[in-house]
Each structure stands twice: as C-alpha cells, then as structure tokens.
Amino acid sequence: MKHAIGIDLGGTKINAGVIRQDGVIVTSQRYETPLEGSGEDILKAIVSAVRTLQADFGALPVGVGSPGLIEYPSGVILGCTPNLPDWQGRSLKQYLENALQVPVQVDNDANAATWGEFRAGAAQGFHHLVMLTLGTGLGSGMIFNGHILRGFHGLGIGFGHMIVEQSGRFCNCGQQGCLEAYVSGKGLARSYQLRGGDLAVKGPEIFDRAARQEPLAQAAVNEFIHMLGVGVTNILNTLAPEALLIGGGISAQGEERLFAPLRTKVAALMSMPLHHPPMIRAAALGPDAGLIGAGFLAIDYLNE
Ligand SMILES: [Zn+2]
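1. Details of the packing of helix H1 (residues 39-57) against helix H2 (residues 92-100)
H2 packs onto H1 with a crossing angle of 45° between their chain directions and a minimal axis gap of 11 Å. Between H1 and H2, the angle falls in the class oblique. Handedness of the crossing formed by H1 with H2: right-handed. Taking contact as the criterion, the partners of Leu43, Ile46, Val47 and Val50 in H1 are, on H2, Tyr95, Leu96, Ala99 and Leu100. When the residues that make up the contact of H1 with H2 are grouped by side-chain class, the tally is eight nonpolar, no polar and no charged.

Here it is in structure tokens:
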C-alpha cells in the first residue's frame, strides 16, 4: 500500500505525519512553528520533521500545505505567506527537494485540506466540490471534475476575498468589504467589538454567549451567519457544486448553531431553489484535513 509524508504548515504549529493510501494517519507529530528568526528556520524545522519520519518509514515522497499564494506545481511563493516573508519569489518545493532528496509537492493549505476531504473525508465520491475553512481566517478550495481548480498561476479560488459589501470593512488584503473580513474568527470578533463587546473574547466564546442570549453576541453571530449565507449563495448560484463543505475550527459549532441557520439563510437568498439542502455539510477530518490532504497530494501525484 502506498504511503507518503504530509506536512501542514500552520501559523503556530507544524503538523507532520505519515499517511496511508486508505486515508489512515500511521503516525503524526505536532511541532511549534519557529516564529523567531527567518523563514529558513521554518524550512529547517520541516526538513527535520521529515527526516525523523524517514528514519522509521524510509524515503517517502512529501506533500506540503502552506498558507499563502503558492504557484503550482513550481511551489514558488507568490505572496501573502506571513511566516515566510523573505521567501517571496522562491520555491519551497525546490528547497525541500534539494534538502531531502525525495519528490516534494507543495500547495496552498486550503487546497490541501480540500483534497484531504475529497480523498478521505466528507466529500468522497463527489466530483464538484467547494470547501470553506472557517478558522482565524477564511480559506477555500474547489474540486472540479475530480481535480483541484487553481486558476492561472494558482491565484484563483480565494472566496475569502469575494467582495460582499461595497466600501465595507477593511480586509488584510488591503481591499474593503471582503467576505473574510466578516466570515472568519477575526471577523466575528470584530463584529462583536464594533457593537461594544469585549475585545478579548474570541469566536467560539461569542457563539457560546449568543447561545446564552447575550444581545451583543447574538447580533454578531447573526451578522456572521448572514454574511456567510451571502458568500455561500454566491458560490452556489455561480458554480453549482455537488457539495459545499465547511471545515475549520468554527465548523465545530455544529448543526444547531451554524449549519441549520446557514441553510435557512441560503434557501432565502438563492435565485435557484436549493433542491438538495444536505449539500451544505460539515467537513469530516477536523484539524488533520491539511495533513491528510498534503499526504494525498504526494500519493496521487508523486508516488507512481
Ligand atoms: Zn480581502
């Protein structure tokens, strides 16, 4: 059975493991992402994690999911990778292949998570699929005809920067009114703060407070669901995927707090009738989606 090493490079943690072709994580380990020093320290940490796994499992191919705009298949960082600012214009794939002497596949972390759900999670058997990852930010990926849709240079499928409010809230990308500025952990906290809520309270706690009928939190969560509904409706109206998956930390809010109100909102907004309400569904792999997907990118494309 084929195996590969998957690496999910996160803002605070590097999740590294060995993935088997049937989707099982044979072993995995989380490391702190080196936040002091240069981008090269992060790459050295990845090399060291891979070498530790290779000592036990041999020279397996490697798949890496990284934040930011990653050109595919070259693995060149085009921008928006906060941990690796000095790596813009350079290829992660080339660096890692030189250091490790095995084939390496590098893709955007949201693409990796989407590929993981498609190959081993909640989207197995689908051919057209959109995934939104609601964490601190808003990541997104799309499978079209069984392949990751990346757009020219890999710059596509950034649903987070779909403009949903003209002259709206400022986004990290420098524009105004992007979906991510409302529909993300940061966006929800901002909605709460703008209504006078506590600055220190984070996304999940705001959902808890809304469930306890705190008016400011209820208003913030209502805005979150409304904006998510607008974004999802735009995606469904334009792309008509078989399924739209929602993953990331906020998806743990579950059916009653998140999915049921979202489906109601989308049904009210859609131009075309929402014939298949179960098409909006929760991702299945949780925080390991990126690791599993990165491993599968290596299994599917490098392990022939
Ligand atoms: Zn933006």
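2. As for the sheet that holds strand S8 (residues 129-134)
Spatially, five strands are ordered S10-S9-S8-S11-S12 in an open sheet, and the strand pairing comes out mixed. Where the open sheet ends on each side, the last strands, each with one partner, are strand S10 (147-148) and strand S12 (280-282).

3. Concerning unusual backbone geometry
Across residues other than glycine, the phi torsion is negative in most instances, and most of the peptide bonds are trans. Cis geometry marks the peptide bond from Tyr72 to Pro73, where omega comes out at 5°. Structurally, Pro73 can be placed in the loop between strand S5 (69-70) and strand S6 (77-79). Positive phi, normally seen in glycine, also occurs at Ser167, with a value near 55°. Structurally, Ser167 is set in the loop between S10 and helix H4 (185-194). Residue Ser167 is classed as exposed on the basis of its C-beta count, with 7 C-beta atoms lying within 10 Å.

4. Concerning the sheet that holds strand S3 (residues 25-32)
Pairing within the open sheet is mixed, and its five strands lie in the order S3-S2-S1-S4-S7. Of all the strands in the sheet, just S3 and strand S7 (104-108) have a single pairing partner and so form its edges. Ignoring which end each strand starts from, the neighbouring axes of this sheet average 15° apart. Relative to S7, strand S4 (residues 62-66) is paired through five bridges, and the arrangement is parallel. Its bridge partner lying in S7, Gly65 is registered against Asp107. Along the sheet, H1 makes contact with strand S1 (3-9), strand S2 (13-20), S3 and S4, crossing S2 at roughly 30°.

5. Topic: the domain arrangement of the protein chain
On domain assignment, one finds that the protein chain holds domain 1 (3-113 + 287-302) and domain 2 (126-283). The distance between the C-alpha centroids of domain 1 and domain 2 comes to 26 Å. The interface is formed by eleven residues belonging to domain 1 together with twelve residues belonging to domain 2. Elements with a contribution of two residues or more to the side of domain 1 that touches domain 2: S5 and helix H3 (109-120). The element best represented in the side of domain 1 that touches domain 2 is H3, accounting for four residues. For the side of domain 1 that touches domain 2, the residue count by class is seven nonpolar, two polar and two charged.

6. Examining the pairing of S4
Counting buried positions along S4 gives five out of five residues, so the element sits mostly inside the fold. The alternating pattern of S4 places Val62, Val64 and Ser66 and Gly63 and Gly65 on opposite faces, both of which are buried. Pairing analysis gives four bridges linking S1 to S4, with the strands arranged parallel. Across the sheet, the residue bridging to Ile7 is Val64, located in S4.

7. Brief notes about the pairing of S8
Counted residue by residue, S8 has six buried out of six residues, so it is predominantly covered. Side chains Leu129, Met131 and Thr133 of S8 all project onto a buried face; the interleaved residues Val130, Leu132 and Leu134 project onto the opposite face, where all are buried too. Two elements, S8 and strand S9 (residues 138-144), share six bridges in a ladder whose sense is antiparallel. Its bridge partner being in S9, Leu129 is matched across the sheet by Ile143. Joining the antiparallel neighbours S8 and S9 is a turn of three residues. Direction of pairing for S8 relative to strand S11 (residues 243-247): parallel, over a ladder of five bridges. Paired with Leu132 across the two strands is Ile246, which belongs to S11.

8. A short note on helix H6 (residues 215-239)
If you check H6, its first and last C-alpha atoms are 36 Å apart, about what 25 residues at 1.5 Å a residue would give, namely 36 Å. Listed as buried for H6 are Ala217, Ala220, Val221, Phe224, Ile225, Met227, Leu228, Gly229, Gly231, Val232, Ile235 and Leu236. Structurally, H6 contributes buried residues whose contacts are with S8, H4, helix H5 (203-211), S11, helix H7 (254-269) and S12. Two residues or fewer after H6 comes Ala240, characterised by a positive phi angle close to 45°.

Calculation criteria
Residue positions within a chain follow its written sequence, with the count starting from 1. Only residues with pLDDT of at least 70 get local features here, since the model is predicted, and only at 80 or more are side-chain atom pairs given and counted; chain-wide, interface and lining totals rely on the full set of residues. Comment: axis = line fitted to C-alpha atoms, over the contacting stretch for helices; angle = value between 0 and 180 degrees taken between N-to-C directions. Secondary structure elements are defined from DSSP: runs of H or I of at least 4 residues count as helices, runs of E of at least 2 residues count as strands, and each element is numbered from the N terminus. Should an angle fall under 35 degrees it is called roughly parallel, over 145 degrees roughly antiparallel, and 65 to 115 degrees roughly perpendicular, with every other angle called oblique. Working rule for handedness: look at the near helix, and if it is turned counterclockwise from the far one by less than a right angle, call the crossing left-handed; if clockwise, right-handed. Contact between two residues is assigned when their C-beta atoms, built from the backbone, lie within 7 Å. Each residue receives one of three labels: charged for Asp, Glu, Lys and Arg, nonpolar for Ala, Val, Leu, Ile, Met, Phe, Trp, Tyr, Cys and Pro, and polar for the others, Gly being one of them. Here, strands pair whenever DSSP counts at least two bridges between them. Exposure classification rests on a simple neighbour count of other C-beta atoms within 10 Å of a residue's own: a residue reaching 20 or more is buried, one at 12 or fewer is exposed, and one in between is partly exposed. C-beta atoms are placed from the backbone. In this entry, domain limits derive from an automatic or database-based domain assignment. Here the expected length of a helix is defined as 1.5 Å per residue gap, with one fewer gap than residues.

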